[in-house]
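Okay, here's what each chain looks like letter by letter:
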Amino acid sequence: MPASMRALRAGLGLILCLSALSCGGGGANLGPPAPPSPTGNNVVSVIVDAGPLPTTNATVNTLYTSVTVCFPGNATNCQTIDHIEVDTGSYGLRILAPVMNATLNLPVQLASSGNSLVQCTQFVIGYSWGPVVAADVKIGGETASSVPIQAIGDPRFTTVPADCSGTGTAQDTVASFGANGILGVGPFALDCPTCETQVIPGTYYSCTSTTCTGTTVPAASQVANLVTKFAKDNNGTIIQLPSVANAGATTVTGTLTFGIDTQTNNASGTQTVLTVDGNAELIMMFNGATLSQSFIDSGSNGIYVNDSALVACTAMNLTEFYCPANTLTLPVTIQGQNGVMTNNLTFLVGNAQTMLSNPAAANFSAFPLLAGTNPNAQSFDFGLAFFYSRRVATAIEGAVTSAGTGPYVAF
Amino acid sequence: MLIPRSDDLKLGALCSLIFIAALNPGIARAALGEPEASVQTDVARLQASIKASADRGSFRVHEIQLPSGTLLREFVSLDGNVFAVAWNGPYMPNLRQALGRYFDNYVAAAKLNHQDHKHLQINQPDLVVQARGHMRAFSGRAYLPTALPSGFNLGDLQ
């Protein structure tokens, strides 16, 4: 959360809740009760909390886990890093260089030119610049050996090419990034498939100490989805989170399970299986419109869709969020590329200003009813709120499970 | 979304635009807030090509195909200036080029408005930027609210 929003919270703290109920203390969330949390060596704990900098840069609806990175082949030179964002909307592990111990000294990987391979990772809000380094990565009981990850904000590489910095604002500090790193576990293997054969401006670069040149990168050298690099349980993930009260919660803990149908704790069962397109997107039907550029994304902190019937908030810095007078239950239908459609799916929209200014919620970081506008009229972005009270499986492209063949999202 | 039909295409607009560019070889400024000829500057600098140009009555749209696969659309008002740009595709466009002199405002504002990695909303008196997306699918738009043609529907800005 930006400082401005915290200031907003403080400023609006005088608006008192009239009753516990109006504060939204009760209230069920979407969907049926979640099954018991799985356990096993392929399961790791995840948490929604205020992030790595809770007092200065508190985040909302952001899911984190911990990873252990080691110098390749050296099981004693390791570091466990918390507050790694779990993101089904990207691919690969990226860690802010400043949070890594100097003794870790992960080796920089080389481009085909023989120079250092450095990546410009594009996010909507800006770019993250830093070298591709090799590491042995352990998450729970899973290990990926000598895999490419990105070290964002590495002080050895400070000259950012113009066509990288031209994509936006630098996201190279824990404060600006909102996490110590990000674990991209979306339904594909590569973060830049085109880069295998074509130099794409603002992606991968071959760098000397003074200059960088755009470069192609073979798949094996890309910062790929780490799950595909595991020795086992490598065909997808399952995120399971409990229900969250309508008003929100201070923290929410759940599980990230690796693999689908690879162990007894990650069996498919019966669920809705929605195949995603080549851009990891789905079709969502809302208010009579068919929104073809829609997606389910643990890395989005709200539910973002246009609805002219919903009132926008008036508070500064909240104008893109909705502030309806009463909590609304709205229907949406999600359709996969395989033609499968959801049945009777609804979501809740609450008053963002009330949620975020509720003094009893000053330490809340999970807000299942937080929703806002979407600048793309063809898009419905169903963020982390979708995962509350659900077990959401993400099958990676080519994965063959008892429920279908990836890439798909199932719940 | 702009889906130009062949009878919408106004090659004349494109030709006059190239003509203007030819007359003004010194123009090297980027698009937003700049004359229509800057569209050609963008095309050259981004190593792109104009895929289509359409006359929508109160404004014109030039659709630029970037080599990355992303489409960049530049909206020109009847006074001949670019009042908006929009993008959609697998990679972000070079916004320093597309936003021109407004890019620095954009970068400064973005730092104040961080919410998550997937959304951006900047509301300034002279610049609005809205973007969303994820790896493999980015879209967004930037416009000059004081320069919108009269009666312009923001829904056309895709």
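About the cut-offs
Residues numbered from 1 in each chain as written. Chains lettered and ligands numbered in written order. Predicted model: local features only at pLDDT ≥ 70, side-chain atom pairs only at ≥ 80, totals over all residues. Helix = DSSP H or I, 4+ residues; strand = E, 2+ residues; numbered from the N terminus. Contact = placed C-beta atoms within 7 Å. Rg over C-alpha atoms; globule rule 2.2 N^0.38 Å. Buried ≥ 20, exposed ≤ 12 C-beta atoms within 10 Å, placed from the backbone. pLDDT = per-residue confidence, 0-100. Nonpolar A, V, L, I, M, F, W, Y, C, P; charged D, E, K, R; others polar. Core = buried A, V, L, I, M, F, W, Y, C linked by C-beta atoms within 7 Å. Domains from an automatic or database assignment. Pairing = 2+ DSSP bridges. Axes fitted to C-alpha atoms, helices over the stretch in contact; angles between N-to-C directions.

Enquirer: Would you explain the overall build of chain B in this entry?
Expert: Helix and strand counts for chain B come out as four helices and seven strands. Counting from the amino terminus, chain B carries its helices and strands in the arrangement α-α-β-β-β-β-α-α-β-β-β. Once local pairs closer than 6 in sequence are excluded, the contacts in chain B between residues at least 24 apart make up 42%.

Enquirer: Hey, could you run me through the overall build of chain A in this one?
Expert: Looking only at helices and strands, one finds four helices and 26 strands in chain A. Scaling as 2.2 N^0.38, a compact globule of 411 residues should have a C-alpha radius of gyration of about 22 Å, and chain A matches this with 21 Å. Considering chain A as a whole, with its 411 residues, one finds that 57% of them fall into the buried category. In chain A, the proportion of contacts linking residues at least 24 apart, taken out of those at least 6 apart, comes to 71%.

Enquirer: How do you make sense of the confidence of the model for chain A when you look at a structure like this?
Expert: Residues shown with low pLDDT carry predicted positions that ought not to be read at fine detail. For chain A, per-residue confidence averages 91 on the pLDDT scale, and 91% of positions sit at 70 or higher. Segment residues 1-31 of chain A is flagged for pLDDT under 50; beyond a separation of four residues in sequence, or across chains, it makes 56 contacts in the model.

Enquirer: Would you take a moment to explain the interface of chain B and chain A for this structure?
Expert: Contacts between the two partners involve 37 residues from chain B, matched on the other side by 46 residues from chain A. When contributions to the side of chain B that touches chain A are tallied by element, the ones reaching two or more residues are α3 (95-99), α4 (103-112), β5 (119-124), β6 (127-134) and β7 (137-143) of chain B. When its residues are assigned to classes, the side of chain B that touches chain A shows 13 nonpolar, 17 polar and seven charged.

Enquirer: Help me understand the nonpolar core in this model?
Expert: In this structure, Ile 95, Val 137, Ala 352 and Leu 370 of chain A together with Leu 32 and Val 85 of chain B are the most contacted members of the largest nonpolar core, which totals 161 residues. The element contributing the most residues to this core is strand β6 (residues 126-139) of chain A, with seven residues. For this core, the domains that each give at least three residues are domain 1 (28-229) and domain 2 (266-410) of chain A. Other than its neighbours up to four places away in sequence, Val 85 of chain B contacts Ala 31, Leu 32, Leu 72, Arg 73, Glu 74, Ala 98, Arg 141 and Ala 142 of chain B.

Enquirer: Whenever I open this one, the sheet that holds strand β4 (residues 82-89) of chain B confuses me. Can you help?
Expert: Strands pair in a sheet through their backbones, by hydrogen bonds, and they do so in one of two ways: parallel or antiparallel. Residues and elements named next belong to chain B. Taking strand neighbours across the sheet as the criterion, the seven strands line up as β1-β2-β3-β4-β7-β6-β5 in an open arrangement whose pairing is antiparallel. A strand with exactly one partner marks an edge of an open sheet, and here the two such strands are β1 (49-55) and β5. Taking each pair of neighbouring strands and ignoring which way they run, the sheet shows an average axis angle of 10°. Against the sheet, helix α2 (residues 38-45) touches β1, β2 (59-65), β3 (71-77) and β4, its axis set at about 10° to β2.

Enquirer: I tried to follow the pairing of strand β5 (residues 116-123) of chain A on my own but got confused; where do I start?
Expert: Two faces belong to every sheet, and in a regular strand the side chains alternate between them. All names here are of chain A. Counting buried positions along β5 yields eight of eight residues, so the element is predominantly enclosed. Both faces of β5 are covered, namely the face carrying Ser 116, Val 118, Cys 120 and Gln 122 and the face carrying Leu 117, Gln 119, Thr 121 and Phe 123. The pairing of β5 with strand β10 (residues 204-207) spans four bridges and is classified as antiparallel. Looking at β10, one finds that Leu 117 is bridged to Ser 206. As judged from the six bridges shared by β5 and β6, these two strands associate in the antiparallel manner. Directly across from Phe 123, in β6, lies its bridge partner Gly 126. Adjacent in sequence and paired antiparallel, β5 and β6 are bridged by two residues.

Enquirer: Quick question: what am I supposed to make of the confidence of the model for chain B here?
Expert: Residue and element names in this part refer to chain B. Per-residue pLDDT for chain B has a mean of 79; in total, 78% of the residues score no lower than 70. In the model of chain B, helix α1 (residues 11-23) stands out as the element of lowest mean pLDDT, 41, in contrast to β4, which has the highest, 96. Considering only residues more than four positions removed or in separate chains, one finds that residues 1-30, a stretch of pLDDT under 50, has 48 contacts. Two numbers describe this predicted complex: its pTM, 0.88, and its ipTM, 0.87.

Enquirer: Could you clarify how one ought to interpret α2 of chain B in this entry?
Expert: Note that an α-helix has 3.6 residues per turn; residues three or four places apart therefore point the same way. Counting buried positions along α2 of chain B gives six out of eight residues, so the element sits mostly inside the fold. Turning to α2 of chain B, its buried residues number three or more, namely Ser 38, Val 39, Gln 40, Thr 41, Asp 42 and Val 43 of chain B.

Enquirer: What exactly am I supposed to notice about the domain arrangement of chain A here?
Expert: One frequently used descriptor of interface size is the decrease in accessible area upon assembly of the parts. Residue and element names in this part refer to chain A. Assigned domains within chain A: domain 1 (28-229) and domain 2 (266-410). The straight-line distance from the C-alpha centre of domain 1 to that of domain 2 is 24 Å. Looking at the side of domain 1 that touches domain 2 element by element, the count peaks at three residues for strand β3 (residues 78-87). When the residues that make up the side of domain 1 that touches domain 2 are grouped by side-chain class, the tally is 14 nonpolar, twelve polar and three charged.

Enquirer: What am I meant to see in unusual backbone geometry here?
Expert: Backbone geometry follows two general trends: most residues other than glycine have a negative phi, and most peptide bonds adopt the trans configuration. Residue and element names in this part refer to chain A. Backbone torsion omega between Gly 406 and Pro 407 reads 10°, so that peptide bond is classified as cis. Positive phi, close to 60°, is recorded for Asp 261, a residue that is not glycine. Residue placement: Asp 261 occurs in the loop between β13 (252-258) and β14 (273-275). Classification of Asp 261 as partly exposed rests on a count of 19 C-beta atoms within 10 Å. A positive phi angle, close to 50°, is found at Asn 344, a residue other than glycine. Relative to the helices and strands, Asn 344 is located in the loop between β19 (333-335) and β20 (346-349). Residue classification places Asn 344 among the exposed residues on the basis of 6 C-beta atoms within 10 Å.

Enquirer: What's the story with the environment of Thr 76 of chain A in this structure? I'm lost.
Expert: Residue and element names in this part refer to chain A. Structurally, Thr 76 is set in the loop between β2 (63-70) and β3. A residue is classified by how many C-beta atoms lie within 10 Å of it, and Thr 76, with 6 of them, is exposed. Sequence separation between Thr 76 and Leu 104 is 28 residues; the distance between their C-alpha atoms is 10.0 Å.

Enquirer: Is there a simple way to explain the pairing of β13 of chain A in this structure?
Expert: Residues and elements named next belong to chain A. Across the seven residues of β13, six count as buried, placing the element largely inside the fold. Inspection of the sheet shows strand β1 (residues 43-48) paired to β13 by six bridges, in the antiparallel sense. Across the sheet, Ser 45 pairs through a bridge with Thr 255, a residue of β13. Pairing analysis gives four bridges linking strand β12 (residues 236-241) to β13, with the strands arranged antiparallel. Directly across from Gln 240, in β13, lies its bridge partner Thr 255.

Enquirer: In this structure, what is going on with the sheet that holds strand β22 (residues 381-382) of chain A? I would like to understand it.
Expert: All names here are of chain A. Taking strand neighbours across the sheet as the criterion, the six strands line up as β19-β15-β16-β22-β17-β21 in an open arrangement whose pairing is mixed. A single partner strand is all that each edge strand has here, and the edge strands are β19 and β21 (371-372). Here strand β17 (residues 303-304) pairs with β22 via two bridges, running antiparallel. When the sheet's bridge partners are listed, Ile 303 is paired in β22 with Phe 382.

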